[in-house]
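This is what each chain is made of:
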Amino acid sequence: MNLIPSSDPLDSLPEDVTQLMAQLPNLQHRQLIEQTLATVVRLASSDIDRLDWKILSASLADMEKGLQLFRTYRHVRKVTIFGSARTLPTAPEYQIAADFARCVTKLGFMVMTGGGGGIMQAGNEGAGKENSFGLNIQLPFEQEANPFIEGDRKLIHFKYFFTRKLFLLRESDAVALFPGGFGTQDEAFECMTLSQTGKFGPVPLVLIDRPGGSYWHDWSAYIDKNLVKTGLVSKDDPSLYTITDNLEVACNAITAFYQVYHSSRYVKEKLVIRLKTELSEAQVEQLNTDFSDILVKGRIEKSIALPQEAQDETVKLPRLVLHFNQRDLGRLYQAIAAINQMGNTAIAATHPELK
(Lines give C-alpha, C1' and ligand atoms only; values in the text may rest on other atoms or scores of the structure.)
Protein backbone atom coordinates (compact mmCIF):
# COMPACT_ATOMS: atom_id res chain seq x y z
CA MET A 1 0.00 0.00 0.00
CA ASN A 2 1.43 3.36 -1.01
CA LEU A 3 -0.55 6.29 0.35
CA ILE A 4 0.41 9.76 -0.86
CA PRO A 5 1.35 12.13 2.00
CA SER A 6 0.39 15.79 2.02
CA SER A 7 1.64 18.76 4.01
CA ASP A 8 -1.31 18.19 6.34
CA PRO A 9 -2.22 14.47 6.59
CA LEU A 10 -5.82 15.41 7.33
CA ASP A 11 -6.17 17.03 3.89
CA SER A 12 -5.78 13.69 2.13
CA LEU A 13 -7.61 11.60 4.73
CA PRO A 14 -10.81 10.92 2.73
CA GLU A 15 -8.75 9.88 -0.31
CA ASP A 16 -6.40 7.77 1.81
CA VAL A 17 -9.29 5.94 3.51
CA THR A 18 -10.94 5.25 0.15
CA GLN A 19 -7.66 3.92 -1.23
CA LEU A 20 -7.12 1.74 1.84
CA MET A 21 -10.60 0.21 1.61
CA ALA A 22 -10.05 -0.55 -2.08
CA GLN A 23 -6.74 -2.31 -1.39
CA LEU A 24 -7.85 -4.04 1.82
CA PRO A 25 -8.87 -7.39 0.23
CA ASN A 26 -5.31 -7.81 -1.10
CA LEU A 27 -3.39 -6.82 2.03
CA GLN A 28 -1.50 -9.52 3.89
CA HIS A 29 -2.85 -8.63 7.33
CA ARG A 30 -6.36 -7.75 6.20
CA GLN A 31 -8.15 -9.28 9.19
CA LEU A 32 -6.08 -7.42 11.77
CA ILE A 33 -6.40 -4.13 9.86
CA GLU A 34 -10.16 -4.61 9.72
CA GLN A 35 -10.28 -5.26 13.47
CA THR A 36 -8.30 -2.07 14.15
CA LEU A 37 -10.52 0.02 11.91
CA ALA A 38 -13.62 -1.50 13.49
CA THR A 39 -12.37 -0.50 16.95
CA VAL A 40 -11.91 3.12 15.85
CA VAL A 41 -15.36 3.16 14.25
CA ARG A 42 -16.98 1.82 17.41
CA LEU A 43 -15.23 4.45 19.51
CA ALA A 44 -16.29 7.18 17.08
CA SER A 45 -19.89 6.07 17.60
CA SER A 46 -19.59 6.30 21.38
CA ASP A 47 -19.45 9.36 23.60
CA ILE A 48 -15.88 9.24 24.87
CA ASP A 49 -14.59 12.75 25.51
CA ARG A 50 -11.87 14.84 23.94
CA LEU A 51 -9.16 13.77 26.42
CA ASP A 52 -9.84 10.11 25.60
CA TRP A 53 -9.33 10.83 21.90
CA LYS A 54 -6.13 12.77 22.61
CA ILE A 55 -4.73 9.80 24.56
CA LEU A 56 -5.71 7.37 21.81
CA SER A 57 -4.34 9.57 19.03
CA ALA A 58 -1.02 10.26 20.79
CA SER A 59 -0.60 6.57 21.70
CA LEU A 60 -1.08 5.51 18.09
CA ALA A 61 1.37 8.20 16.94
CA ASP A 62 3.93 6.87 19.47
CA MET A 63 3.41 3.34 18.21
CA GLU A 64 3.68 4.41 14.58
CA LYS A 65 7.11 5.93 15.26
CA GLY A 66 8.31 2.83 17.07
CA LEU A 67 7.02 0.35 14.52
CA GLN A 68 8.47 2.29 11.60
CA LEU A 69 11.88 2.54 13.26
CA PHE A 70 12.30 -1.05 14.36
CA ARG A 71 10.95 -2.83 11.30
CA THR A 72 14.37 -2.34 9.64
CA TYR A 73 16.21 -3.85 12.61
CA ARG A 74 13.77 -6.60 13.58
CA HIS A 75 16.26 -9.41 12.93
CA VAL A 76 19.15 -8.01 14.96
CA ARG A 77 19.30 -8.89 18.63
CA LYS A 78 19.26 -5.93 21.02
CA VAL A 79 20.03 -5.25 24.67
CA THR A 80 18.02 -2.63 26.59
CA ILE A 81 19.93 -0.69 29.26
CA PHE A 82 18.07 0.89 32.18
CA GLY A 83 19.56 3.02 34.95
CA SER A 84 19.66 6.44 36.57
CA ALA A 85 19.52 9.58 34.44
CA ARG A 86 21.46 11.36 37.21
CA THR A 87 24.61 9.22 37.18
CA LEU A 88 27.62 11.41 36.40
CA PRO A 89 30.23 10.43 33.78
CA THR A 90 32.82 10.32 36.58
CA ALA A 91 30.87 7.66 38.52
CA PRO A 92 32.02 4.01 38.40
CA GLU A 93 28.46 2.97 37.49
CA TYR A 94 28.73 5.14 34.36
CA GLN A 95 32.00 3.54 33.34
CA ILE A 96 30.84 -0.05 33.77
CA ALA A 97 27.64 0.74 31.84
CA ALA A 98 29.69 2.16 28.96
CA ASP A 99 32.05 -0.82 29.07
CA PHE A 100 29.10 -3.23 29.13
CA ALA A 101 27.53 -1.57 26.07
CA ARG A 102 30.88 -1.73 24.28
CA CYS A 103 31.17 -5.42 25.16
CA VAL A 104 27.74 -6.51 23.92
CA THR A 105 28.07 -4.63 20.62
CA LYS A 106 31.30 -6.52 19.98
CA LEU A 107 29.27 -9.69 20.53
CA GLY A 108 26.82 -8.71 17.79
CA PHE A 109 24.06 -6.96 19.74
CA MET A 110 22.71 -3.45 19.34
CA VAL A 111 21.94 -1.31 22.39
CA MET A 112 18.72 0.49 23.31
CA THR A 113 18.46 3.17 25.99
CA GLY A 114 16.00 5.85 26.99
CA GLY A 115 18.15 8.33 25.10
CA GLY A 116 18.75 10.62 28.07
CA GLY A 117 21.69 11.30 30.38
CA GLY A 118 23.39 9.26 33.05
CA ILE A 119 23.39 5.50 32.51
CA MET A 120 21.48 5.99 29.25
CA GLN A 121 24.22 8.23 27.93
CA ALA A 122 26.83 5.71 29.03
CA GLY A 123 25.03 2.98 27.07
CA ASN A 124 24.90 5.04 23.89
CA GLU A 125 28.50 6.15 24.34
CA GLY A 126 29.77 2.61 24.78
CA ALA A 127 27.76 1.20 21.90
CA GLY A 128 28.48 4.07 19.52
CA LYS A 129 25.86 5.83 17.43
CA GLU A 130 25.85 3.16 14.71
CA ASN A 131 24.83 0.45 17.17
CA SER A 132 22.54 2.60 19.35
CA PHE A 133 18.86 3.39 19.71
CA GLY A 134 17.48 6.18 21.85
CA LEU A 135 13.85 6.01 22.95
CA ASN A 136 13.41 9.35 24.65
CA ILE A 137 10.47 10.57 26.71
CA GLN A 138 9.06 14.10 26.64
CA LEU A 139 9.64 15.50 30.15
CA PRO A 140 10.02 19.05 31.50
CA PHE A 141 13.36 18.08 33.11
CA GLU A 142 16.27 15.62 32.97
CA GLN A 143 15.45 14.12 29.61
CA GLU A 144 17.14 15.93 26.76
CA ALA A 145 18.76 13.51 24.32
CA ASN A 146 22.38 12.78 25.13
CA PRO A 147 25.10 13.86 22.65
CA PHE A 148 25.92 10.27 21.69
CA ILE A 149 22.49 9.70 20.10
CA GLU A 150 21.30 13.27 19.38
CA GLY A 151 20.50 13.81 15.71
CA ASP A 152 20.55 10.12 14.83
CA ARG A 153 17.61 8.62 12.92
CA LYS A 154 17.44 5.90 15.59
CA LEU A 155 16.43 8.47 18.21
CA ILE A 156 12.69 8.87 18.67
CA HIS A 157 10.67 10.83 21.21
CA PHE A 158 7.64 9.33 22.94
CA LYS A 159 4.82 11.17 24.66
CA TYR A 160 3.92 8.34 27.02
CA PHE A 161 6.01 6.15 29.28
CA PHE A 162 3.90 3.09 28.54
CA THR A 163 4.39 3.25 24.75
CA ARG A 164 8.10 3.93 25.19
CA LYS A 165 8.49 1.00 27.59
CA LEU A 166 6.51 -1.22 25.23
CA PHE A 167 9.21 -0.85 22.59
CA LEU A 168 12.13 -0.96 25.02
CA LEU A 169 10.92 -4.41 26.06
CA ARG A 170 9.23 -5.69 22.91
CA GLU A 171 12.34 -5.17 20.81
CA SER A 172 14.87 -6.39 23.38
CA ASP A 173 16.53 -9.80 23.61
CA ALA A 174 18.18 -8.98 26.94
CA VAL A 175 17.80 -6.35 29.65
CA ALA A 176 20.61 -4.85 31.73
CA LEU A 177 19.69 -2.79 34.77
CA PHE A 178 22.13 -0.48 36.55
CA PRO A 179 21.52 1.39 39.82
CA GLY A 180 18.88 4.08 39.63
CA GLY A 181 15.93 5.77 41.26
CA PHE A 182 12.16 5.32 41.10
CA GLY A 183 12.18 4.93 37.32
CA THR A 184 14.80 2.20 37.39
CA GLN A 185 13.01 0.40 40.20
CA ASP A 186 9.80 0.61 38.22
CA GLU A 187 11.55 -0.83 35.18
CA ALA A 188 13.16 -3.60 37.24
CA PHE A 189 9.90 -4.69 38.82
CA GLU A 190 8.01 -4.48 35.55
CA CYS A 191 10.63 -6.68 33.88
CA MET A 192 10.31 -9.19 36.72
CA THR A 193 6.51 -9.09 36.66
CA LEU A 194 6.26 -9.56 32.89
CA SER A 195 8.88 -12.33 32.95
CA GLN A 196 7.23 -14.06 35.92
CA THR A 197 3.85 -14.05 34.16
CA GLY A 198 5.21 -15.04 30.75
CA LYS A 199 4.23 -11.76 29.10
CA PHE A 200 7.85 -10.94 28.30
CA GLY A 201 10.68 -13.17 27.16
CA PRO A 202 12.18 -15.49 28.04
CA VAL A 203 15.20 -13.20 27.83
CA PRO A 204 18.19 -12.77 30.15
CA LEU A 205 17.81 -10.08 32.82
CA VAL A 206 21.12 -8.87 34.27
CA LEU A 207 21.34 -6.52 37.28
CA ILE A 208 24.77 -4.89 37.16
CA ASP A 209 26.49 -2.92 39.91
CA ARG A 210 29.79 -1.06 40.09
CA PRO A 211 32.69 -3.27 41.25
CA GLY A 212 32.17 -3.92 44.95
CA GLY A 213 28.76 -2.20 44.93
CA SER A 214 25.80 -3.46 46.97
CA TYR A 215 22.82 -1.76 45.26
CA TRP A 216 21.39 -4.92 43.65
CA HIS A 217 22.51 -7.27 46.44
CA ASP A 218 20.59 -5.10 48.92
CA TRP A 219 17.64 -5.16 46.54
CA SER A 220 17.90 -8.95 46.29
CA ALA A 221 18.05 -9.27 50.08
CA TYR A 222 14.77 -7.35 50.30
CA ILE A 223 13.21 -9.65 47.68
CA ASP A 224 14.39 -12.74 49.53
CA LYS A 225 13.23 -11.56 52.97
CA ASN A 226 9.91 -9.97 52.08
CA LEU A 227 8.77 -11.85 48.97
CA VAL A 228 10.46 -15.25 48.66
CA LYS A 229 10.46 -16.29 52.32
CA THR A 230 6.88 -15.12 52.83
CA GLY A 231 5.67 -17.04 49.78
CA LEU A 232 4.59 -13.93 47.87
CA VAL A 233 6.74 -15.08 44.93
CA SER A 234 8.07 -18.52 44.06
CA LYS A 235 11.41 -19.67 45.45
CA ASP A 236 12.44 -20.20 41.81
CA ASP A 237 11.60 -16.65 40.68
CA PRO A 238 15.12 -15.30 41.45
CA SER A 239 16.21 -17.57 38.57
CA LEU A 240 14.69 -14.92 36.31
CA TYR A 241 17.69 -12.64 36.83
CA THR A 242 21.44 -12.52 37.40
CA ILE A 243 23.14 -10.09 39.80
CA THR A 244 26.79 -9.22 39.26
CA ASP A 245 29.41 -6.49 39.55
CA ASN A 246 31.66 -8.21 37.02
CA LEU A 247 31.59 -7.14 33.37
CA GLU A 248 32.60 -10.56 32.04
CA VAL A 249 29.88 -12.30 34.06
CA ALA A 250 27.30 -9.79 32.81
CA CYS A 251 28.16 -10.29 29.14
CA ASN A 252 28.40 -14.07 29.54
CA ALA A 253 24.95 -14.17 31.15
CA ILE A 254 23.54 -12.83 27.89
CA THR A 255 25.55 -14.84 25.39
CA ALA A 256 25.11 -18.05 27.42
CA PHE A 257 21.33 -17.59 27.29
CA TYR A 258 21.49 -17.92 23.49
CA GLN A 259 24.15 -20.62 23.41
CA VAL A 260 21.67 -23.30 22.31
CA TYR A 261 18.29 -21.64 22.99
CA HIS A 262 17.13 -19.47 20.09
CA SER A 263 13.55 -18.36 20.82
CA SER A 264 10.12 -19.69 21.71
CA ARG A 265 6.44 -19.27 20.97
CA TYR A 266 3.12 -20.88 21.76
CA VAL A 267 1.22 -22.92 19.20
CA LYS A 268 -2.19 -23.35 20.77
CA GLU A 269 -1.53 -25.04 24.12
CA LYS A 270 2.03 -26.11 23.30
CA LEU A 271 5.21 -24.21 24.09
CA VAL A 272 7.65 -24.54 21.19
CA ILE A 273 11.30 -23.91 22.08
CA ARG A 274 13.51 -23.33 19.04
CA LEU A 275 17.12 -24.42 19.32
CA LYS A 276 20.29 -23.51 17.47
CA THR A 277 21.39 -27.14 17.55
CA GLU A 278 19.55 -30.43 18.07
CA LEU A 279 19.74 -32.22 21.41
CA SER A 280 20.34 -35.95 21.75
CA GLU A 281 17.67 -38.36 22.95
CA ALA A 282 19.61 -38.81 26.19
CA GLN A 283 19.69 -35.05 26.80
CA VAL A 284 15.94 -34.73 26.23
CA GLU A 285 15.40 -37.63 28.59
CA GLN A 286 17.45 -35.76 31.21
CA LEU A 287 15.26 -32.69 30.74
CA ASN A 288 12.17 -34.82 31.30
CA THR A 289 13.70 -36.22 34.48
CA ASP A 290 14.67 -32.80 35.85
CA PHE A 291 11.71 -30.68 34.71
CA SER A 292 8.63 -32.90 34.62
CA ASP A 293 7.12 -30.67 37.34
CA ILE A 294 6.53 -27.84 34.86
CA LEU A 295 4.45 -30.00 32.51
CA VAL A 296 0.66 -30.05 32.49
CA LYS A 297 0.75 -33.40 30.72
CA GLY A 298 2.93 -35.52 28.47
CA ARG A 299 6.66 -35.13 28.02
CA ILE A 300 9.22 -32.78 26.56
CA GLU A 301 9.68 -34.00 22.99
CA LYS A 302 11.94 -33.25 20.06
CA SER A 303 10.15 -31.87 17.01
CA ILE A 304 10.49 -30.25 13.64
CA ALA A 305 8.49 -27.10 12.92
CA LEU A 306 4.77 -27.59 13.52
CA PRO A 307 2.35 -27.06 10.61
CA GLN A 308 1.29 -23.71 12.11
CA GLU A 309 4.92 -22.56 11.82
CA ALA A 310 5.25 -23.24 8.10
CA GLN A 311 5.76 -19.54 7.30
CA ASP A 312 8.09 -18.95 10.25
CA GLU A 313 11.61 -17.83 9.42
CA THR A 314 12.94 -20.30 11.99
CA VAL A 315 11.27 -23.23 10.23
CA LYS A 316 14.55 -25.13 9.77
CA LEU A 317 15.60 -24.97 13.42
CA PRO A 318 15.16 -28.06 15.65
CA ARG A 319 12.59 -27.75 18.40
CA LEU A 320 11.44 -28.97 21.77
CA VAL A 321 7.68 -29.11 22.33
CA LEU A 322 6.02 -29.31 25.74
CA HIS A 323 2.76 -28.63 27.52
CA PHE A 324 4.18 -25.98 29.88
CA ASN A 325 2.01 -25.03 32.85
CA GLN A 326 2.58 -21.30 32.09
CA ARG A 327 3.03 -20.70 35.81
CA ASP A 328 6.53 -21.77 36.85
CA LEU A 329 8.55 -19.31 34.79
CA GLY A 330 11.49 -19.42 37.17
CA ARG A 331 11.72 -23.16 36.53
CA LEU A 332 11.42 -22.57 32.78
CA TYR A 333 14.43 -20.26 32.96
CA GLN A 334 16.26 -23.03 34.81
CA ALA A 335 15.31 -25.44 32.02
CA ILE A 336 16.66 -23.00 29.41
CA ALA A 337 19.91 -22.77 31.38
CA ALA A 338 20.13 -26.58 31.35
CA ILE A 339 19.45 -26.66 27.60
CA ASN A 340 22.23 -24.14 27.03
CA GLN A 341 24.70 -26.47 28.70
CA MET A 342 23.81 -29.20 26.23
CA GLY A 343 24.37 -29.68 22.52
CA ASN A 344 27.04 -28.68 20.06
CA THR A 345 27.60 -24.95 20.55
CA ALA A 346 30.26 -24.52 17.85
CA ILE A 347 27.81 -23.05 15.35
CA ALA A 348 29.09 -20.98 12.44
CA ALA A 349 27.08 -17.89 11.53
CA THR A 350 27.66 -14.80 9.44
CA HIS A 351 26.25 -12.77 12.32
CA PRO A 352 26.42 -14.27 15.81
CA GLU A 353 23.09 -12.91 16.99
CA LEU A 354 20.79 -12.64 13.99
CA LYS A 355 17.30 -13.67 15.00
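As a reminder, the structure under discussion sits directly above these lines.
Presented here is an overview of the structure given in this document.

Reading the values: the criteria
- Residues numbered from 1 in each chain as written.
- Predicted model: local features only at pLDDT ≥ 70, side-chain atom pairs only at ≥ 80, totals over all residues.
- Heavy atoms only, no water.
- Pairing = 2+ DSSP bridges.
- Helix = DSSP H or I, 4+ residues; strand = E, 2+ residues; numbered from the N terminus.
- Axes fitted to C-alpha atoms, helices over the stretch in contact; angles between N-to-C directions.
- Contact = heavy atoms within 4.5 Å.
- Salt bridge = Lys/Arg side-chain N within 4 Å of Asp/Glu carboxyl O.
- Buried < 20%, exposed > 50% of the residue type's maximum accessible area, 1.4 Å probe, protein only.
- Core = buried A, V, L, I, M, F, W, Y, C linked by side-chain atoms within 4.5 Å.
- Right-handed = clockwise from strand over helix to strand, strands pointing away.

1. Here's the deal with the sheet that holds strand β4 (residues 155–158)
Strands sit in the order β4-β3-β2-β1-β5-β6-β7 across an open sheet of 7 strands; the sheet is parallel. Two strands close off the open sheet at either side, each with one partner strand: β4 and β7 (241–244). Across the sheet, the mean angle from the axis of one strand to that of its neighbour is 20 degrees, orientation sign disregarded. Here 3 bridges tie strand β5 (residues 174–177) to strand β6 (residues 205–208), and the two strands are oriented parallel to one another. By the bridge assignment, Val175 is partnered in β6 with Leu205. This element, helix α4 (residues 92–106), spans β1 (78–82), β2 (110–113), β5 and β6 of the sheet and lies at about 175 degrees to β1. Packing of helix α8 (residues 215–228) onto the sheet brings it into contact with β5, β6 and β7, and relative to β7 it is tilted by some 135 degrees.

2. Quick look at the pattern of salt bridges
Oppositely charged side chains may form a pair once their charged atoms are brought near each other. A complete count under the given rule lists 21 salt bridges for this structure. Ionic pairing is found between Asp173 and Arg77, a salt bridge with its closest N-O pair at 3.1 Å. With Asp173 in the loop between α6 (161–170) and β5 and Arg77 in the loop between α3 (50–70) and β1, this residue pair connects regions lying 96 residues apart in the sequence. Judged by its relative accessible area of 6%, Asp173 is buried. For Arg102, the salt bridge is made with Asp99, and the minimal N-O distance between the two is 2.8 Å. You can see Arg102 and its partner Asp99 sitting in helix α4, 3 residues apart, about one turn around the helix.

3. Some points on the nonpolar core
Ranked by internal contacts, the top residues of the largest apolar core, which has 80 residues, are Phe100, Phe178, Leu279, Leu287 and Leu320. For Leu279, the contacting residues outside a window of four places in its chain are Val260, Val284, Leu287, Lys302, Leu320, Ile339, Met342 and Gly343.

4. Details of the environment of Val175
Among the secondary structure elements, Val175 is positioned in strand β5. Judged by its relative accessible area of 0%, Val175 is buried. Residues contacting Val175, with those up to four places away along its chain left out, are Thr80, Phe82, Leu169, Cys191, Phe200, Pro204, Leu205 and Val206.

5. Quick word on the pairing of β2
Side chains of β2 alternate between two faces, with Met110 and Met112 and Val111 and Thr113 buried alike. In the sheet, β1 pairs with β2 via 3 bridges, with the strands oriented parallel. Within β2, the residue paired with Lys78 across the bridge is Met110. The β-α-β motif built from β1, the intervening α4 and the parallel element β2 has right-handed crossover chirality. As defined by bridge partners, β2 adjoins strand β3 (residues 132–137) across 3 bridges and the pair is classed as parallel. By the bridge assignment, Thr113 is partnered in β3 with Gly134. In the classification by handedness, the crossover that spans β2, the intervening helix α5 (residues 119–127) and the parallel β3 is right-handed.

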